Amino acid sequence: ISAIELPVGQWTDLMKHLLENITTTDKDSLKISTLITIGFVCEAIPSDILAAQSGAILTAVVSGARKEEPNQEVRKAAINALYNALEFIRENFEREGERNYIMQVVCEATQSSDVNVQVSAFECLVRIMQIYYDKMRFYMEKALFGLTVLGMKHEDERVALQAVEFWSTVCDEELELMTEAVEAQESGEQPDRLSHNFAKAALPEILPVLLWLLTKQDEDADEDDWNVSMAAGTCLSLLAQCVEDAVVAPVIPFVENHIRHNDWRFREAAVMAFGSILEGPEHKLLANLVNQALPVLIEMMRDPSPQVKDTTAWTLGRVSELLIECIKPDVHLNPLITALVFGLKDSPRIVSNCCWALMSLSDQYGGKETPASTYPLSPYFEGIVTALLETTERPTNESNARTSSYECISILVQGAALDSYPTIQKLTITIIDRLDSTIQAQNQIIGTDERMAHSELQSNLCSVLTSIIRKLRSEVVPFADRIMTTLLSLFSTATKHSTTLEDGFLAVGAITTAVEGDFVRYLEAFAPFLYAALSNHEEYQLCSIAVGLIGDICRALQEQSLPYCDTFMNVLLQNLQSPVLNRNVKPAILSCFGDIALAISGRFEVYLEVVMMVLAQASTMRASEGTSYDMIDYVIALREGILEAYVGIVQGLKTGEKAELLLRYIEQIFNFLNMTWNDHEKTEMIIRSMIGLIGDLAEAFQSGQLQQWFQSEFVSQVLKEGRNNRSLPNGTREVSRWAREMVKRASHIKH
Amino acid sequence: KTSPLLVKDKVATQEERRLRALEDQKKRRRDLTMHARNLALYKPTEVFSD
């Protein structure tokens, strides 16, 4: 209630009554309730609202937290209230005297005889470190360092957890400061804040404790548990990123001494320690160690302890993702992949970790744009895919194992070399068969959970299918009829709200690119599903994908799309006017106008007037000062869409020899370009499209009709930016070169 | 000690797929317009793709 009333000037005497409660009552229960209330009020309201009373509030809270307070329940409530008020009392904390007192009270509370007070006090220290890192140097030297190292060794796990969390927070803050320092250096400035390098200074003290805590695993811990060994692992990983090379030498003896220990706890802790330090230190420092460790880790995938295998699989995932150069294909790849494929038969957690490792290997070895004839995973490709397909047959998706396996197949397909295409073709049939089976099983589903699982399975299958189609391109043509038949049955059975439709549409989009003009054969049957999705304004993500699909279809069909364009345009224009449809779909609709114009060239004439009016209207949208990031992003997306529309229209009409129709809109286009250029919120994509559009206009009007526009100051600036800005990517520089040439030709007319 | 796959939920996966498709569409659109521009600038044999 106070969060609502205090900001509008009501309930002005609330804090007065609460503070009276603390000072006048003898009832501890009332004190506790009042402290809890004060904490919540401070947390919930902007600090300026009770600024005048902040001193009195702080005094009341801190007096309850002092060591002189006999009731430890009251003390704990006071410390919790202080925790909640830490942002609120920022001005008090800035003053050294008040800060010293607060810190003294909190530090003393860590030594309370009551463990609950200790836990709260450490929680408070974590929060203080998070908010007031810059002010902590003095207190670290005097007290916090010693208190927290002792706290990590505390017999009560709740205290130890908070003390470890304290050091994780120190590392988080210092990592953030490292990033800020790099950014400042890149822009030739001094960083606003400096790191005190607490983590580096504390390394010799905290590292042995963290390593010791790693051996305190809970044998029966499940996924949702958080215990001290997990906290220590997280802290060690942050510490490695923070202190970099310095972490390696002290950790390695621990790994070497315990990796073959009889007790699984020590073996697991050794692997965990090794896996945790793989990010941060220089690769050349780790390379030799990883090289030596790989055979041992591979062997440990057969360890009798499930915990050891789980951590080993995670470590192999980290090596594959972070240190691929340490994996020598001729030495390590065969045993590594054998171990990972073996892991696919293990528990769901291990499956997910093994999939992650395999995906990283595929990402890093796999070809990107143009597939190579072969690659290091080629000899294993079929074996891995077969093993993953077996894993996907598990009846449940525990620990995301089934989804991970499908995602892994998709990534493998994306990275595959040409010699794996026969396997991918076989996989195509398997995936279509499975999709068909899920469609047939649709009527037997009972209950929401089963329905969701079924929908997720169909989405995963569609996603693999999309990857296959994108990979095989024209080689998927022999399967196209079967794929489309299956997808059309999928659409006719899917519910209006399921994401399966989205994933199916993405597969159709991939098919349009693969079969190009032949897609016309499927369009009559597919169109009703497309129109339904375009009119489904509640499911705006689906609607957005459907809009993109119109673009895909037009690109594939070119002028064959003409018979459908009236309907496409009507639906798109209706959607633009819809008050229900999420605004984020609208930029995609504008881009789609450009796609249609490109496809039907001069025949776009009939839509020109209305589209130009829509574009003029959209151009008026601006993000005013102090607006939200969401709004800024939206305006940027809108301008990208407008530019894509103009580019498509200019190029389309030029191809159809109807460019002169644009003359009455030239002022509109150049005014938009000028306004966009003068707005500081410009993406690289916007600059590139602007340059391209200027070039397109120049190419369309080579007889000097636009000469005066090309001579305007901002046009020279746009073209100069494309020429001189070395940070722009090659694509933009290429567009820029082209546009300059076109403008030159259009500006030097022989009359 | 959690692989990114283990904690990835359906919403995140779905969003990745959408973004990938959107990126693909943007690329194809760019390739198409760039192709037309290159045709205007160079002889057909010299045409390059973005």
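Computed from a predicted model, the values in this text were never measured in an experiment.

Q: How should the overall build of chain B be read in this particular structure?
A: Within chain B, the regular secondary structure consists of two helices and zero strands. For chain B, the residues scored as buried account for 36% of the 50 residues in total. Surface accessibility of chain B: about 2,900 Å² in total, with carbon and sulfur atoms responsible for 58%.

Q: Teacher, can you tell me more about the overall build of chain A here?
A: Along the backbone of chain A there are 35 helices and zero strands. Its C-alpha atoms give chain A principal-axis dimensions of about 95 × 65 × 55 Å. Working note: accessible area of chain A is about 32,600 Å², and carbon and sulfur atoms make up 50% of it. Distance between charge centres in chain A, computed from 61 positive and 100 negative side chains, equals 4 Å.

Q: Got a minute to help me understand the packing of aromatic side chains in this structure?
A: We describe a pair of aromatic rings using the distance from one ring centre to the other and the angle between the two ring planes. All names here are of chain A. According to the stated counting rule, one finds 17 aromatic pairs over all chains in the structure shown. Ring centres 6.1 Å apart and planes at 90° place the aromatic pair Phe-145 and Trp-167 in the edge-to-face group. Residue Phe-145 is located in helix 9 (residues 137-152), and its partner Trp-167 is located in helix 10 (residues 157-186); the two are separated by 22 residues in the primary sequence. The class for Phe-145 is partly exposed, based on a relative accessible area of 26%. Relative to Trp-709, the ring of Phe-670 has its centre 5.0 Å away and its plane inclined at 20°; by these criteria the two rings are stacked. Of the two residues, Phe-670 is situated in helix 31 (residues 666-677) and Trp-709 in helix 33 (residues 707-710); the sequence distance between them amounts to 39 residues. Pairwise contacts between aromatic rings join Phe-491, Phe-505, Phe-519, Tyr-522, Phe-526 and Phe-529 into one cluster. Above the face of the Tyr-634 ring, Arg-583 is positioned so that its terminal group lies 4.6 Å from the ring centre. The residue whose ring lies beneath Lys-682 is Trp-677, and the NZ or CZ to ring-centre distance is 4.7 Å.

Q: Would you mind going over a negative patch on the surface with me for this structure?
A: Residues and elements named next belong to chain A. On the surface, a cluster of negative charge is made up of Glu-157, Asp-218, Asp-220, Asp-222 and Asp-225. The topology assignment puts Asp-222 in the loop between helix 11 (198-214) and helix 12 (228-243). What makes Asp-222 partly exposed here is its relative accessible area of 45%.

Q: Which parts of the structure should I look at to understand the pattern of salt bridges?
A: Oppositely charged side chains can form a pair if their charged atoms are brought close together. A full pass over the atoms with the stated rule returns 42 salt bridges over all chains. Note that Arg-29 of chain B and Asp-595 of chain A form a salt bridge whose closest N and O atoms lie 2.7 Å from each other. Of the two residues, Arg-29 of chain B is situated in helix 2 (residues 10-41) and Asp-595 of chain A in helix 28 (residues 586-600); the pairing between them involves two chains. The burial state of Arg-29 of chain B is the same as that of Asp-595 of chain A; both residues are buried. Within the structure, one salt-bridge network assembled from shared partners comprises Asp-552, Arg-555, Asp-595 and Glu-644 of chain A together with Lys-26, Arg-28 and Arg-29 of chain B.

Q: Explain the interface of chain B and chain A here, please?
A: Often, the extent of an interface is quoted as the loss of accessible area on bringing the components together. Counting residues at the interface gives 32 residues for chain B, matched by 57 residues for chain A. The interface formed by chain B and chain A holds 20 residue pairs in polar contact (both at pLDDT 80 or more) in total. Going through the elements one at a time, helix 1 (4-7) and helix 2 of chain B are the ones with two or more residues in the side of chain B that touches chain A. For the side of chain B that touches chain A, the element with the highest residue contribution is helix 2 of chain B, accounting for 23 residues. Among the residues making up the side of chain B that touches chain A, the classes are represented as 10 nonpolar, six polar and 16 charged.

Q: Can you walk me through the state of the cysteines in this structure?
A: A covalent bond bridging the sulfur atoms of two cysteines is what the word disulfide describes. All names here are of chain A. Scanning all chains against the criterion turns up zero disulfides over all chains. Left unpaired, Cys-354 is separated from the closest cysteine sulfur, that of Cys-355, by 7.2 Å. Here Cys-408 stays free of any disulfide, with the sulfur of Cys-355 as its closest cysteine sulfur at 4.6 Å.

Q: Explain the packing of helix 16 (residues 306-322) of chain A against helix 18 (residues 348-365) of chain A to me, please; I cannot follow it from the model alone.
A: Residue and element names in this part refer to chain A. Here helix 16 crosses helix 18 at 15°, and the two axes come no closer than 8 Å. Considering the angle they form, helix 16 stands roughly parallel to helix 18. Of the two elements, helix 16 crosses helix 18, and the hand of that crossing is left-handed. Contacts between helix 16 and helix 18 pair Pro-306, Lys-309, Asp-310, Ala-313, Trp-314, Leu-316, Gly-317, Arg-318, Ser-320 and Glu-321 from the former with Arg-349, Ile-350, Asn-353, Cys-354, Trp-356, Ala-357, Ser-360, Leu-361 and Gln-364 from the latter.

Q: Which parts of the structure should I look at to understand the confidence of the model for chain B?
A: Caution applies to low-pLDDT regions: their predicted coordinates should not be interpreted in detail. Across chain B, the average pLDDT comes to 80, with 84% of residues at 70 or higher. Note on residues 45-50 of chain B: pLDDT is under 50 here. Beyond four places in sequence and across chains, it has 14 contacts.

Q: I keep staring at the side chain of Ser-276 of chain A and nothing clicks. Help me out?
A: Residues and elements named next belong to chain A. With respect to the secondary-structure elements, Ser-276 resides in helix 14 (residues 264-276). When its relative accessible area of 0% is taken as the criterion, Ser-276 is described as buried. A distance of 2.7 Å separates the side chain of Ser-276 from the backbone oxygen of Met-272, its partner in a polar contact. Those residues in contact with Ser-276, other than ones at most four positions away along the chain, are Gly-233, Leu-236, Ser-237, Ala-240, Trp-314 and Arg-318.

Q: Looking at this structure, I do not really get the side chain of Asp-552 of chain A. What am I missing?
A: Mapped onto the secondary structure, Asp-552 of chain A falls in helix 26 (residues 540-557). Excluding its chain neighbours within four sequence positions, the residues that come into contact with Asp-552 of chain A are Gly-509 and Thr-512 of chain A together with Gln-25 and Arg-28 of chain B.

Q: How should I be thinking about the packing of helix 27 (residues 562-577) of chain A against helix 28 of chain A in this particular structure?
A: Each pair of packed helices gets described by two things: the angle between the helix axes and the distance between those axes. Residue and element names in this part refer to chain A. Orientation of helix 27 relative to helix 28, taken along the N-to-C sense of each, is 160°, at an axis distance of 11 Å. One element, helix 27, and the other, helix 28, form an angle in the roughly antiparallel class. Viewed along their axes, helix 27 and helix 28 form a crossing whose handedness is left-handed. Residues Leu-562, Cys-565, Phe-568, Met-569, Leu-572, Leu-573, Asn-575 and Leu-576 of helix 27 touch helix 28, and the partners they reach there are Lys-586, Ile-589, Leu-590, Cys-592, Phe-593, Ile-596 and Ile-600. When grouped by side-chain class, the residues that make up the contact of helix 27 with helix 28 number 13 nonpolar, one polar and one charged.

Rules and cut-offs
Residues numbered from 1 in each chain as written. Chains lettered and ligands numbered in written order. Predicted model: local features only at pLDDT ≥ 70, side-chain atom pairs only at ≥ 80, totals over all residues. Heavy atoms only, no water. Helix = DSSP H or I, 4+ residues; strand = E, 2+ residues; numbered from the N terminus. Buried < 20%, exposed > 50% of the residue type's maximum accessible area, 1.4 Å probe, protein only. Areas by Shrake-Rupley, 256 points an atom, 1.4 Å probe, with all protein chains shown as cover. Lys, Arg positive; Asp, Glu negative; His and termini not counted. Charge placed at Lys NZ, Arg CZ, Asp CG, Glu CD. Phe/Tyr/Trp six-rings, centres within 6.5 Å; stacked < 30°, edge-to-face > 60°. Lys NZ or Arg CZ within 6 Å of the ring centre and 35° of its normal. Patch = residues over 30% accessible without salt bridge, like charges linked within 9 Å, V, L, I, M, F, W, Y side chains within 5 Å. Salt bridge = Lys/Arg side-chain N within 4 Å of Asp/Glu carboxyl O. Contact = heavy atoms within 4.5 Å. Polar contact = N/O pair within 3.5 Å; in protein donor to acceptor, adjacent residues only side chain to side chain. Nonpolar A, V, L, I, M, F, W, Y, C, P; charged D, E, K, R; others polar. Disulfide = S-S within 2.5 Å. Axes fitted to C-alpha atoms, helices over the stretch in contact; angles between N-to-C directions. Parallel < 35°, antiparallel > 145°, perpendicular 65-115°, else oblique. Left-handed = near helix turned anticlockwise from the far one by under 90°. pLDDT = per-residue confidence, 0-100.

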